Amino acid sequence: MNTNARLCRFALQRTIITAMLALVALAGQAQNFNWRLEGKVDNAAPSDTLTIIDSERHQPIATIQVKNGTIVPASGVLEKPAVCRIAKKGRRGSIGIFVLEEGTTKINIDLDKAYVLKVGGTPVNNDLAMFIDEQNRRTDNHTAYRENMYHIVSDIVEKHPDHALSPYLIDWCQFLFTPTQSLHLIGMLSQELQLSPNVDRRKEILLIEQETEVGKMFKEMTGTAPDGKAVRLSDFVGKGNYVLADFWASWCGPCKAEMPHVIELYEQYKDKGLQLIGITVDDTPEKSDAIVKEKGLNFPQIYGSKPMSIYGVTAIPYTILFAPDGTILARGPLPMVEKKLAEIFGE
């Protein structure tokens, strides 16, 4: 092959490669979409600045302006829909949730509250609105609330199995749903989402929790007491009393803040058959001892157990209520378990 032929062939190959790269770039651009956000903001300053946060990546998406309680319409481009929250500098926590997707998302929020009041405007947000409305509805019938939320989330997951909102809601409702219910919802997700690291990790934890979900018999845990002697969960559970187990750690500020109320509940119900025990999580005996002395915790403690691997406790403070025969009656944040206590003791 002469030189000119080789040059022509090279030029043709380069043209083909350039064309292919252009097609790939266009395909990538085709996945992008334009979003727009409008809405109302209660308890905002006459002129305020807020930040849209991607809840999955924990990264800011855009800054928005508020004028006299109204969001100045904001817009931008994203590669894929995002489940979002609103944050304000100097304000603790963020306000959620809503979805940025193709079209105009409309929200109503209150800077004094942690949740969106109203959402809509786009297909997925219109479906999310039912979840938001039920979440914001106040009811004393916790059983009915759980059932309603499960049906709503189930409908959303079935309708949007490949949308980021679906696993987000499953995770959001981890304390409302039983592990069996959550695992069923995960099974409704697309294969791609089921195999994602976050969902796969959640499934692993749920399988552990499923072995000790409400209605199951307690599983043994071993550790040491503050005096250094060996102690077992069965030393207290299954002995004829209701047992409230409080999971805590010296490094957990919310745990220490909640302790006075835990003790109040014990004092309220101890004459009716309630026993209280503490179970430390990822702590040293020395640091645990310091808190026991500082807070005057004069109820039994179990140090050095493995509650995550046995009960799937991944966040504290956390509580589990055991029946006199050792059956698990309730588990989750204290307010949820407290309702079960009131139900049992008729208050």
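As the structure is a computational prediction, the values presented were derived from the model and not from experiment.

## Notes on the confidence of the model for the protein chain
On average, the protein chain scores 88 in pLDDT, and the residues at 70 or more come to 91%. Ignoring residues within four places in sequence, the model shows residues 1–30, a span with pLDDT below 50, making 2 contacts including any to other chains.

## Comments concerning the sheet that holds strand β13 (residues 274–280)
Taken in spatial order, the 5 strands make up an open sheet running β14-β13-β12-β15-β16, and their pairing is mixed. Edge strands, defined here as strands with exactly one partner in the open sheet, are β14 (301–302) and β16 (328–332). As paired strands, β13 and β14 are joined by 2 bridges and run parallel to one another. Pairing of Gly-278 across the sheet is with Gln-301, part of β14.

## Brief notes about the environment of Ile-107
Among the structural elements, Ile-107 can be located in strand β8 (residues 103–110). In this structure Ile-107 comes out as buried when scored by relative accessible area, which is 1%. Between the C-alpha atoms of Ile-107 and Ala-62, which are 45 residues apart in sequence, the distance is 15 Å. Aside from chain neighbours lying at most four places away, what touches Ile-107 is Leu-37, Glu-38, Gly-39, Lys-40, Ile-71, Ile-86, Phe-98, Lys-118 and Val-119.

Cut-offs used in this document
Residues numbered from 1 in each chain as written. Predicted model: local features only at pLDDT ≥ 70, side-chain atom pairs only at ≥ 80, totals over all residues. Heavy atoms only, no water. pLDDT = per-residue confidence, 0-100. Contact = heavy atoms within 4.5 Å. Pairing = 2+ DSSP bridges. Helix = DSSP H or I, 4+ residues; strand = E, 2+ residues; numbered from the N terminus. Buried < 20%, exposed > 50% of the residue type's maximum accessible area, 1.4 Å probe, protein only.

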